[in-house]
Amino acid sequence: TRVSHLDGKNLARVFPGSPEGGPRAAIAYYLAHTIIARADFYIDLHSAGVKLLMPTMIGYDATDPRSREAAYAFGAPVMWGHPVIEPGRTISFAKSRGIPSVYAESRGGGRIHADDLQVYTRGLRNLMAHLGILEGEVPQVRPQHHLCGDGNTDASLAAGSSGFLIPSVALLQEVKAGDELGRVVSLD
């Protein structure tokens, strides 16, 4: 689960952690200091979980050319450059150590879609070739969308009532002020 029932913390938001800070903070501390801190490059693979829908994408630190080049090499259909990396994340810890990084997101829904798996598999091979871990050429794939912004999905809008969301727009569709994004209907 995204939030631990042991301490109510989200592992993806407590880095660099602390050995005395509870279960999630202790896990974060261990991962940060025994694995990430020793890396030459860091990639974090995610999905939108059960409740969210995300585009299949690669996110990167827009202030680090090494991260941007790696994101292009990965070849996801959507790239999202972040001029600011929010604290508490694995990639913010990597940045504090001067380690270039990227993170991948897939659409979520509690499962992996076959297309997302293909993007992740191809993307990891491309990235390893880019980094010189594997031999081979890295194909030049242009993303369908190249976004820029803080990437803080924790600040996303949430519906003010429970129910089912019936979207009125598609993911990544351009909208303007006043457009209906969707309707929440009763569970009945």
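Undergrad: Even after reading the chapter, I still don't get the overall build of the chain, so can you show me in this structure?
TA: Counting its regular elements, the chain contains 4 helices and 7 strands. Of the regular secondary structure in the chain, the N- to C-terminal order runs α-β-β-α-β-α-β-α-β-β-β. For a compact globule of 188 residues, the expected C-alpha radius of gyration is about 16 Å, and the chain comes in at 18 Å, within 12% of that figure. The principal-axis extent of the C-alpha atoms belonging to the chain is close to 50 × 45 × 30 Å. By the burial criterion, 33% of the 188 residues in the chain qualify as buried. Carbon and sulfur atoms make up 55% of the accessible area of the chain, which amounts to about 11500 Å² in all. Between the centroid of the 18 positive side chains of the chain and the centroid of its 19 negative side chains there is a distance of 2 Å.

Undergrad: I would appreciate a short explanation of the pairing of strand β4 (residues 101-105) in the present structure.
TA: Remark: a regular strand shows side chains that alternate across the two faces of the sheet. Counting buried residues along β4, 5 of its 5 residues qualify, which places the element largely inside the surrounding structure. Side chains Ser101, Tyr103 and Glu105 of β4 all project onto a buried face; the interleaved residues Val102 and Ala104 project onto the opposite face, where all are buried too. Relative to β4, strand β2 (residues 57-61) is paired through 4 bridges, and the arrangement is antiparallel. Paired with Met57 across the bridge in β4 is Glu105.

Undergrad: Please explain the packing of aromatic side chains as it appears in this structure.
TA: Tallying each qualifying case throughout the model produces 1 aromatic pair. On the numbers, 6.4 Å between centres and 75 degrees between planes, the contact of Phe74 with Tyr120 is edge-to-face. In this pair, Phe74 is assigned in helix α2 (residues 65-74) and Tyr120 in helix α4 (residues 114-130), connecting sequence segments 46 residues apart. The class of Phe74 is buried, set by a relative accessible area of 0%. Residue Tyr120 is classed as buried on the basis of its relative accessible area, which comes to 10%.

Undergrad: Even after reading the chapter, I still don't get unusual backbone geometry, so can you show me in this structure?
TA: With the exception of glycine, most residues fall at negative phi, and the peptide bonds are largely trans. The amide bond that connects Phe15 to the next residue, Pro16, takes the cis arrangement and shows omega of 15 degrees. Relative to the assigned elements, Pro16 resides in the segment before α1 (23-34). A positive phi is found at Leu172, a non-glycine position, where the angle reads about 75 degrees. The partly exposed category is assigned to Leu172, whose relative accessible area is 33%.

About the criteria used
Residues numbered from 1 in each chain as written. Predicted model: local features only at pLDDT ≥ 70, side-chain atom pairs only at ≥ 80, totals over all residues. Heavy atoms only, no water. Helix = DSSP H or I, 4+ residues; strand = E, 2+ residues; numbered from the N terminus. Rg over C-alpha atoms; globule rule 2.2 N^0.38 Å. Buried < 20%, exposed > 50% of the residue type's maximum accessible area, 1.4 Å probe, protein only. Areas by Shrake-Rupley, 256 points an atom, 1.4 Å probe, with all protein chains shown as cover. Lys, Arg positive; Asp, Glu negative; His and termini not counted. Charge placed at Lys NZ, Arg CZ, Asp CG, Glu CD. Pairing = 2+ DSSP bridges. Phe/Tyr/Trp six-rings, centres within 6.5 Å; stacked < 30°, edge-to-face > 60°.

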